[in-house]
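The chain contents come next:
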Amino acid sequence: MRNDKEHLVERLGVFMEKQEQLAPVAARILSYIILTGKSGTTFEDLVRDLCASKSTISTHLNHLTDLKRILYFTKTGDRKKYYTINEDSILQSIDALTESWIFQRELHLEIREYKEKTNQLSNDNDSRFNLDFHDNYIEFLDEVTKSVSTLKSKILEKTLNCNQ
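Calculation rules
Within each chain, residues carry numbers counting from 1 in the order of the written sequence. It should be noted that, the model being predicted, local features are given only for residues of pLDDT at least 70 and side-chain atom pairs only at 80 or more, the latter also being counted only at that level, while totals for whole chains, interfaces and linings use all residues. For the side-chain quantities, the full set of heavy atoms in the structure was used; hydrogens and water were omitted. We count a stretch as a helix when DSSP gives it H or I for four or more residues in a row; a strand needs E for two or more, and each element gets its number in order from the N terminus. C-alpha atoms define the radius of gyration in this analysis, and the globule rule sets the expected value at 2.2 Å times the number of residues to the power 0.38. Here a salt bridge means any side-chain nitrogen of Lys or Arg lying within 4 Å of a carboxyl oxygen belonging to Asp or Glu. Residue contacts are defined here by distance: any two heavy atoms, one from each residue, within 4.5 Å place the two residues in contact. Each pair of strands is called paired provided DSSP finds at least two bridges between the two strands. Throughout, nonpolar core names a set of buried Ala, Val, Leu, Ile, Met, Phe, Trp, Tyr and Cys residues whose side chains join them through atoms within 4.5 Å. Classification of residues uses two cut-offs on accessible area relative to the type maximum, computed with a 1.4 Å probe and protein chains only: under 20% is buried, over 50% is exposed, and between them is partly exposed.

Student: How should the overall build of the protein chain be read in this particular structure?
Tutor: When helices and strands are tallied, the protein chain shows six helices and two strands. When the helices and strands of the protein chain are placed in sequence order, the string is α-α-α-α-β-β-α-α. Here the C-alpha radius of gyration of the protein chain, 22 Å, is well above what a compact globule of 164 residues would show, namely 15 Å. The dimensions of the protein chain, computed from C-alpha atoms along their principal axes, are 80 × 40 × 30 Å.

Student: Explain the pattern of salt bridges to me, please; I cannot follow it from the model alone.
Tutor: Opposite charge on two side chains permits them to pair, given that their charged atoms come into close proximity. If you walk through the whole model with that rule in mind, you get ten salt bridges. Here Arg28 and Glu10 are joined by a salt bridge, their closest N and O atoms 3.0 Å apart. Here Arg28 is found in helix 2 (residues 24-36), whereas its partner Glu10 is found in helix 1 (residues 3-19), with 18 residues between them in sequence. With a closest N to O distance of 2.4 Å, Arg112 and Asp135 form a salt bridge. Here Arg112 is found in helix 5 (residues 87-121), whereas its partner Asp135 is found in helix 6 (residues 132-162), with 23 residues between them in sequence.

Student: Could you clarify how one ought to interpret the side chain of Thr84 in this entry?
Tutor: Considering the arrangement of structural elements, one finds Thr84 in strand 2 (residues 78-85). Non-local contacts of Thr84, meaning those with residues more than four positions away in its chain, are made with Ile33, Gly37, Lys38, Gly40, Ile70, Leu71 and Phe73.

Student: So what exactly am I meant to see when it comes to the pairing of strand 2 here?
Tutor: Successive side chains on a regular strand alternate, one facing one side of the sheet and the next facing the other. Relative to strand 2, strand 1 (residues 70-75) runs antiparallel, the two sharing six bridges. Its bridge partner being in strand 2, Leu71 is matched across the sheet by Thr84. Between strand 1 and strand 2, which pair antiparallel in sequence order, lie two residues; one of them, Gly77, sits at a positive phi of approximately 80°.

Student: Hey, could you run me through the nonpolar core in this one?
Tutor: If you look at soluble globular proteins, the nonpolar side chains tend to sit buried side by side. Formed by 17 residues in total, the largest nonpolar core has its most connected members in Ile29, Ile57, Leu61, Leu64 and Ile70. For this core, the secondary structure elements donating two or more residues are helix 1, helix 2, helix 3 (43-50) and helix 4 (54-66). When residues in this core are grouped by element, the largest group, six residues, is from helix 2. Sequence-distant contacts of Ile29, defined by excluding residues within four places in its chain, comprise Leu46, Leu50, Ile57, His60, Leu61 and Leu64. Core analysis: the next-biggest nonpolar cluster, separate from the first, contains five residues, Ile94, Leu141, Val144 and Val148 among them.

Student: Can you walk me through unusual backbone geometry in this structure?
Tutor: If a residue is not glycine, its phi is most likely negative; likewise, a peptide bond is most likely trans. The backbone of Cys51 sits at a positive phi, close to 55°, despite the residue not being glycine. Note on placement: Cys51 falls in the loop between helix 3 and helix 4. Here Cys51 falls in the exposed class, since its relative accessible area comes to 70%. Residue Lys68 is not a glycine yet carries a positive backbone phi of 65°.

Below is the structure:
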């Protein structure tokens, strides 16, 4: 594996390990597949380039396939499986992020409302809540949700155009 790809597999792997709650080897496999692209990668490539045992690679490939994070295809006359990223997994990640942001927004609205009511009942200016954080955070969540929704629309549009 070229040094720059190896470096990126490691960096992206560490990020995905934390972000996606994946096992370290599964995160490296997913990273490797992402950086390989549409041509796909084989089981043998993963064993060689990730320096992991066949059983470990096999276990994590099966797990990532079960999670629908990766897909495989075969080539005529070739018995090998070629693994690629499941493009739908990007949409699944977008949906999960959006759900989380919507929940956070609703929660911050409730907290803000509670603090505002508490402020109205308080005569002591020193104990009053500052609502700026919630206002700013709610605005941020609105903007990021809108931006990611636009990204999802573009991905869906591109997918639709490619399939026609």
